[in-house]
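Inside the fold
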Amino acid sequence: MTNTTTISTLDGDSEFTAYRATPAGEPKAAIIVIQEIFGVNAGIRRKCDTLAEAGYLAIAPDLFWRLERGIELDPDMKPEFDRALELMGQFDQDKGIADIEASIRAVRAELGDGAKVGVVGYCLGGRLAFMTAARTDVDASVGYYGVGIDGLLAEKHAIAHPVLLHVPEEDHFVDKAAQAAMHAGLDDHPKVTIYDYAGEDHGFATEFGERRSDAAAKLADERTAKFFAENLG
């Protein structure tokens, strides 16, 4: 079952919406799906639906709500891609993390004591997933092609729960030097696992559109499913 839910900000002064996909039975855990720069579009909603089919309560908060509510953009349309880059430049990532934390608290309150919550993010969301792992008490975090994680390595000491990162080796937003820095900084971290994808580019695991690379997407998603089963079960 899918619908839209409303979440209060941490300070209680405002509210934002989130797409919500509910499993048929009792949720075994909750997963926050963190959007790309294209908003909570059809691809992100499909990610939620798939997680709900696997037994998780899945929600995707509208993180761009302070800029404009209800953003949905198509990365295969150049004007919409350009608009997404503009939004990325205006987006306050610290406030985005606060909204993710508010989402974590909301689903924990709903599911009750002892409920586990994970996050999975893509592109901008991959970066935010890493930041969430370092700045909140989320139980497990997955980042697909997160941008600029090499610049966040000073926060790695704060990561207390498992993190999984999917890194396409030909990511045109994350160059080889950045990838090398990620490995140098994180390969020995006891909570972090990195998988590299030879020949793959940014966005390879998108649900729809020209960027998807089906075999690599399926492999990454299988690894993610196993990771969540092990750490949210």
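Further up the page is the structure itself.
Now for a look at the structure at hand. (Residues numbered from 1 in each chain as written. Predicted model: local features only at pLDDT ≥ 70, side-chain atom pairs only at ≥ 80, totals over all residues. Heavy atoms only, no water.)

Let us look at the side chain of His 166. Note that His 166 resides in strand 7 (residues 163-168). We classify His 166 as buried; its relative accessible area is 1%. When neighbours within four sequence positions are excluded, His 166 is seen to be in contact with Val 142, Gly 143, Tyr 144, Tyr 145, Tyr 195, Tyr 197, Ala 220, Arg 223 and Thr 224. (Helix = DSSP H or I, 4+ residues; strand = E, 2+ residues; numbered from the N terminus. Buried < 20%, exposed > 50% of the residue type's maximum accessible area, 1.4 Å probe, protein only. Contact = heavy atoms within 4.5 Å.)

Taken as a whole, the largest pocket spans an internal volume of roughly 330 Å³. For the largest pocket, the lining is made up of 15 residues, of which Lys 47, Thr 50, Leu 51, Asp 221 and Ala 225 are closest to its centre. Mapped by element, the contributors of at least two residues to the lining of the largest pocket are helix 1 (42-53), strand 5 (117-122) and helix 6 (214-232). Residues belonging to the lining of the largest pocket are distributed by class as follows: 8 nonpolar, 2 polar and 5 charged. Computed from the structure, the second largest pocket encloses a volume of approximately 210 Å³. Asn 41, Gly 43, Pro 75, Thr 206 and Phe 208 are, among the 17 residues lining the second largest pocket, the residues nearest its centre. Residue contributions to the lining of the second largest pocket peak at 4 residues, all from helix 1. Among the residues forming the lining of the second largest pocket, the class breakdown is 7 nonpolar, 4 polar and 6 charged. (1 Å grid on protein atoms, 1.4 Å probe; cavity = no way out; pocket = protein on both sides within 12 Å on 5 of 7 lines; lining within 4 Å. Points joined across faces, edges and corners; volume = space filled by probe spheres on them. Nonpolar A, V, L, I, M, F, W, Y, C, P; charged D, E, K, R; others polar.)

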